[in-house]
Amino acid sequence: MTDDRPKLRAVESQWVEHQGRMYVSLRDPLGLSQQAVLVPQVLAPLLTLCDGTRDVGMLPAALALTAGIQLPPSRVREFVEAMDAALLLDNGSFRRASAAAL
């Protein structure tokens, strides 16, 4: 991951049910990445916190304060890394992939 302040970019999102549980499915609308990320419903508030104003280290505390959800920093980092790998963040990885596609 190249940027420390994750910012979710404009992505396709929809609620889906998978194995009896609700998730937000996130996809790259530009098709630069074929990966989709399924975010459990309980972690959906984390998406709104990925607005580029907080670094990865601040996200667990912000999630606890805003949604009452306790998540270890390592899990938050894994989440952000998955978002980065799927090119769903407005960061260097996305910009490089976009430039390469053009």
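Residues numbered from 1 in each chain as written. Predicted model: local features only at pLDDT ≥ 70, side-chain atom pairs only at ≥ 80, totals over all residues. Heavy atoms only, no water.

A. Just the overall build of the protein chain, in detail. On a plain count of helices and strands, the protein chain comes out with four helices and three strands. Put simply, the protein chain runs from its N terminus to its C terminus through helices and strands in the order β-β-β-α-α-α-α. Taken over C-alpha atoms, the radius of gyration comes to 13 Å for the protein chain, in line with the 13 Å a tight globule of 102 residues would show. By its C-alpha atoms, the protein chain is 40 × 30 × 20 Å across when sized along the principal axes. For the protein chain, buried positions account for 36% of its 102 residues. For the protein chain, long-range pairs separated by at least 24 residues make up 51% of all intrachain contacts whose partners lie at least 6 apart in sequence. (Helix = DSSP H or I, 4+ residues; strand = E, 2+ residues; numbered from the N terminus. Rg over C-alpha atoms; globule rule 2.2 N^0.38 Å. Buried < 20%, exposed > 50% of the residue type's maximum accessible area, 1.4 Å probe, protein only. Contact = heavy atoms within 4.5 Å.)

B. The environment of Gln35, seen in detail. Topologically, Gln35 is positioned in the loop between strand 2 (21-27) and strand 3 (36-40). Using a relative accessible area of 41% as the deciding quantity, one classes Gln35 as partly exposed. For the pair Gln35 and Ala86, spaced 51 residues apart in the sequence, the C-alpha separation amounts to 5.3 Å. When residues no more than four places from it in sequence are discounted, the contact partners of Gln35 are Leu26, Arg27, Ala85 and Ala86.

C. The arrangement of the pairing of strand 1 (residues 12-18) in detail. Pairing between strand 1 and strand 2: seven bridges, direction antiparallel. The residue bridging Val16 from the neighbouring strand is Tyr23, located in strand 2. The hairpin formed by strand 1 and strand 2 contains two residues between the paired strands, and Gln19 there has a positive phi angle of roughly 50°. (Pairing = 2+ DSSP bridges.)

D. Layout of the environment of Leu59. Among the secondary structure elements, Leu59 is positioned in helix 2 (residues 59-67). Its relative accessible area of 0% is what places Leu59 among the buried residues. Taking C-alpha positions, Leu59 is 26 Å from His18, a pair spaced 41 residues apart along the chain. Leave out the neighbours within four places in its chain, and Leu59 touches Pro6, Leu46, Leu49, Cys50, Arg54, Val76 and Val80.

E. Spotlight on unusual backbone geometry. Even without a glycine there, the phi angle at Gln19 is positive, about 50°. Tracing the chain through its elements places Gln19 in the loop between strand 1 and strand 2. Positive phi, close to 60°, is recorded for Leu87, a residue that is not glycine. In this structure, Leu87 sits in the loop between helix 3 (73-85) and helix 4 (92-101). For Leu87, a relative accessible area of 11% puts it in the buried group.

F. Local environment of the side chain of Asp28. Here Asp28 is to be found in the loop between strand 2 and strand 3. At 3.0 Å, the side chain of Asp28 and the backbone nitrogen of Leu30 are in polar contact. Excluding its chain neighbours within four sequence positions, the residues that come into contact with Asp28 are Arg9, Ser33, Ala86 and Leu88. (Polar contact = N/O pair within 3.5 Å; in protein donor to acceptor, adjacent residues only side chain to side chain.)

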